[in-house]
Amino acid sequence: MSSPYGGDGADGTQPFVIDTSRPHPARMYDYFLGGKDNYEVDQEAAERFIKAAPEVRAAVRANRRFMERAVRYVVAEGGVRQILDIGTGLPTEPNVHQIARAVAPGTRVAYVDNDPIVSAHSRTLLDDDDTDTCVVLADLRDPRAVLDHPDVRRVLDFDRPVALLLLAVLHFLTEADDPGAVVATLLDALPAGSHLVLSHATVDIHEDGRADAVKVYNGATATMNPRTRARVLDFFDGLTLVEPGLVLVPDWRPQEPPEADAPPIGIYGGVARKDG
């Protein structure tokens, strides 16, 4: 299928365009983190979300800390030296390549997102002579196009283990997008020794289901589709989850004791290894 956001123009498809008429999840996420790479339309939607789910800022910070711990794990303990980060979002330092290379210099990273603003800002963080990193404009809903992108192929060797990062992105795929097939296609391309790092929004822990917050994304470039723990666990089929398994992100190998007054965080996270 072709991406609803178009292509980069290199293959004859229509170029991606910056849609500032509707909120974009990456720019809203940036606003939640206190960033400035967003527009008024993103800010207004984010504020409506905060009103309906006041824990969201704590949640995105917890998700980011999960990412940092998980990246260090797959590089230090998993021995992975290549990372494919899809739905990377607007860059926040330290970014994935900086975290990974603090553990293992030379780790290769391919960033992928469907927002041209993300692509532009991510490229500004890279040195001109950094051939071990690329930033690709592509859509998760077309996983084959991601895997076959020439820049991804230039940076990553799919005969060697790769860590696939799908952080807070799959909940922007509807069931019609068949997220299970998307994940399976990506994992099928990766050899044994590869890892999946995944986080996903849930409403399991909130009695109101955060329905008003979820509705905010109905007017965005992608809707929000929280899933149950059992449904998120399905994405790890055929993989070996590392301890502590699929848990709420603050509970995945925390390095600091939990804050006594911390709000409940409705994001599951897990890391798994592909053994065969």
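Thresholds applied
- Residues numbered from 1 in each chain as written.
- Predicted model: local features only at pLDDT ≥ 70, side-chain atom pairs only at ≥ 80, totals over all residues.
- Heavy atoms only, no water.
- Helix = DSSP H or I, 4+ residues; strand = E, 2+ residues; numbered from the N terminus.
- Buried < 20%, exposed > 50% of the residue type's maximum accessible area, 1.4 Å probe, protein only.
- Contact = heavy atoms within 4.5 Å.
- Areas by Shrake-Rupley, 256 points an atom, 1.4 Å probe, with all protein chains shown as cover.
- Salt bridge = Lys/Arg side-chain N within 4 Å of Asp/Glu carboxyl O.
- Polar contact = N/O pair within 3.5 Å; in protein donor to acceptor, adjacent residues only side chain to side chain.
- Phe/Tyr/Trp six-rings, centres within 6.5 Å; stacked < 30°, edge-to-face > 60°.
- Core = buried A, V, L, I, M, F, W, Y, C linked by side-chain atoms within 4.5 Å.
- pLDDT = per-residue confidence, 0-100.
- Axes fitted to C-alpha atoms, helices over the stretch in contact; angles between N-to-C directions.
- Parallel < 35°, antiparallel > 145°, perpendicular 65-115°, else oblique.
- Nonpolar A, V, L, I, M, F, W, Y, C, P; charged D, E, K, R; others polar.

1. Quick word on the overall build of the chain
Part 1: For the chain, the helix and strand inventory stands at ten helices and eight strands.
Part 2: Split into buried and exposed, the 276 residues of the chain put 54% on the buried side.
Part 3: If you take every contact in the chain between residues at least 6 apart in sequence, the share linking residues at least 24 apart comes to 73%.
Part 4: Accessible surface for the chain amounts to roughly 12,200 Å². Of this, 50% is attributable to carbon and sulfur atoms.

2. A word on the pattern of salt bridges
Part 1: Summed over the entire model, instances satisfying the criterion amount to 14 salt bridges.
Part 2: We note a salt bridge from Asp-148 to Arg-144, for which the minimum N-O separation is 3.2 Å. Highlighted residues: Asp-148 and Arg-144, both in helix H6 (residues 143–148), separated by four residues, approximately one helical turn.
Part 3: Classification of Asp-148 by relative accessible area gives partly exposed; the value is 41%.
Part 4: The exposure class assigned to Arg-144 is partly exposed, which follows from its relative accessible area of 38%.
Part 5: The network of salt bridges with shared partners includes Glu-175, Arg-227, Arg-231 and Asp-234.

3. Notes on the side chain of Asp-42
Part 1: Inspection of the secondary structure assignment puts Asp-42 in helix H2 (residues 40–52).
Part 2: Taking the relative accessible area as the measure of exposure, Asp-42 reaches 0% and is therefore buried.
Part 3: Within the structure, Asp-42 has its side chain in polar contact with the backbone nitrogen of His-24 (distance 3.0 Å).
Part 4: In contact with Asp-42, other than residues within four places in its own chain, are Arg-22, Pro-23, His-24, Arg-27 and Met-28.

4. A closer look at the packing of aromatic side chains
Part 1: If you walk through the whole model with that rule in mind, you get five aromatic pairs.
Part 2: A ring pair is formed by Phe-32 and Phe-49, whose centres lie 5.6 Å apart and whose planes are at 50°; its orientation type is tilted. In this pair, Phe-32 sits in helix H1 (residues 25–32) while Phe-49 sits in helix H2, placing the two residues 17 residues apart along the sequence.

5. Focus: the nonpolar core
Part 1: Of all hydrophobic cores here, the largest spans 35 residues; its most connected members are Leu-84, Ile-86, Leu-140, Leu-164, Leu-166 and Leu-196.
Part 2: With four residues, helix H8 (residues 179–188) is the largest single contributor of residues to this core.
Part 3: In this structure Leu-84 touches Ala-110, Val-112, Val-146, Leu-147, Val-152, Leu-156, Val-162, Ala-163, Leu-164 and Leu-165, once residues within four positions along its chain are discounted.
Part 4: Counting 30 residues, the second-largest nonpolar core is a separate cluster that includes Ala-58, Met-67, Tyr-111 and Val-135.

6. Remarks on the confidence of the model for the chain
Part 1: The share of residues in the chain with pLDDT of 70 or more is 89%, and the mean pLDDT across the chain is 89.
Part 2: Here residues 1–15 is a poorly scored stretch, pLDDT under 50, and it has 27 contacts once near neighbours within four places are set aside; other chains count.

7. Re the packing of H1 against helix H3 (residues 56–76)
Part 1: Two elements in contact, H1 and H3, have axes separated by 9 Å at closest approach and are oriented at 100°. The orientation of H1 relative to H3 falls into the category roughly perpendicular. Across the interface between the two elements, Tyr-29, Tyr-31 and Phe-32 of H1 pack against Val-56, Arg-57, Val-60, Asn-63 and Arg-64 of H3.
Part 2: Residues belonging to the contact of H1 with H3 are distributed by class as follows: five nonpolar, one polar and two charged.

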